[in-house]
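# Understanding the architecture of this molecule
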Amino acid sequence: VGGTPATPAAPNVPAAEASIPFANHDGIYNWQVVDDRTVLIQGQNRKWYRASLMSPCFDLAFAERLGFESNPNGSFDKFSSITVRGQSCPLTSLVEAPPPPRKVKANKAAPSPTQGAASPAQ
């Protein structure tokens, strides 16, 4: 009987591991904590990366500063670690990621719904 063969489903391919070059020389531009095991890191090239940590990193959500321990060649990758208040938190993965959502600032001068509306005639 005729027909087209079924196409096999594409397997879940893990994202390719990434590396941030020159992390030891201002190669890391920005960062944002997602949770106690995930940090988004922005390189000088303005690309974002998702760093997954080996285990929960305590105080990560409250940290104002992070240390980025790079490799001997100066790059930051899945063999690197993040330091939070003296605690070393090794990575298990570093992959490219979309930028985090932008925070929307509340507009303090927003007009009220009735402002500018014509008043009903009496």
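Residues numbered from 1 in each chain as written. Predicted model: local features only at pLDDT ≥ 70, side-chain atom pairs only at ≥ 80, totals over all residues. Heavy atoms only, no water.

## Section: the pattern of salt bridges
- Taken as a whole, this structure holds two salt bridges when the rule is applied.
- Note that Glu 96 and Lys 47 form a salt bridge whose closest N and O atoms lie 3.7 Å from each other. Placement of Glu 96 in strand 6 (residues 87-97) and of Lys 47 in the loop between strand 2 (38-43) and strand 3 (48-53) is noted, with a sequence separation of 49 residues between them.
- Residue class for Glu 96 comes out partly exposed when judged on its relative accessible area of 48%. (Salt bridge = Lys/Arg side-chain N within 4 Å of Asp/Glu carboxyl O. Helix = DSSP H or I, 4+ residues; strand = E, 2+ residues; numbered from the N terminus. Buried < 20%, exposed > 50% of the residue type's maximum accessible area, 1.4 Å probe, protein only.)

## Observations concerning the side chain of Ser 81
- Relative to the helices and strands, Ser 81 is located in strand 5 (residues 81-84).
- Polar side-chain contacts of Ser 81 include one of 3.4 Å to the side chain of Ser 88.
- Apart from residues lying up to four places away in sequence, Ser 81 is in contact with Gly 67, Phe 68, Glu 69, Phe 76, Ser 88, Cys 89, Pro 90 and Leu 91. (Polar contact = N/O pair within 3.5 Å; in protein donor to acceptor, adjacent residues only side chain to side chain. Contact = heavy atoms within 4.5 Å.)

## Concerning the packing of aromatic side chains
- In this structure the tally under the stated criterion is one aromatic pair.
- Both rings, one in Phe 68 and one in Phe 76, keep their centres 5.6 Å apart while their planes meet at 80°; by these two values the pair is edge-to-face.
- With a relative accessible area of 0%, Phe 76 lands in the buried category.
- When the ring centre of Tyr 29 is taken as reference, the NZ or CZ atom of Arg 46 above it lies at 3.6 Å. (Phe/Tyr/Trp six-rings, centres within 6.5 Å; stacked < 30°, edge-to-face > 60°. Lys NZ or Arg CZ within 6 Å of the ring centre and 35° of its normal.)

## Considerations on the pairing of strand 2
- In terms of burial, strand 2 is largely enclosed, as six of its six residues are buried.
- Every second residue of strand 2 is oriented toward a common face, with Thr 38, Leu 40 and Gln 42 on one face and Val 39, Ile 41 and Gly 43 on the other, all of them buried.
- Pairing between strand 1 (residues 28-35) and strand 2: six bridges, direction antiparallel. The residue of strand 2 that forms the bridge with Ile 28 is Gly 43.
- Between strand 1 and strand 2, which follow one another and run antiparallel, lie two residues.
- In this structure, the hairpin formed by strand 2 and strand 3 is closed by a connection of four residues, where Arg 46 is found at a positive phi of approximately 70°. (Pairing = 2+ DSSP bridges.)

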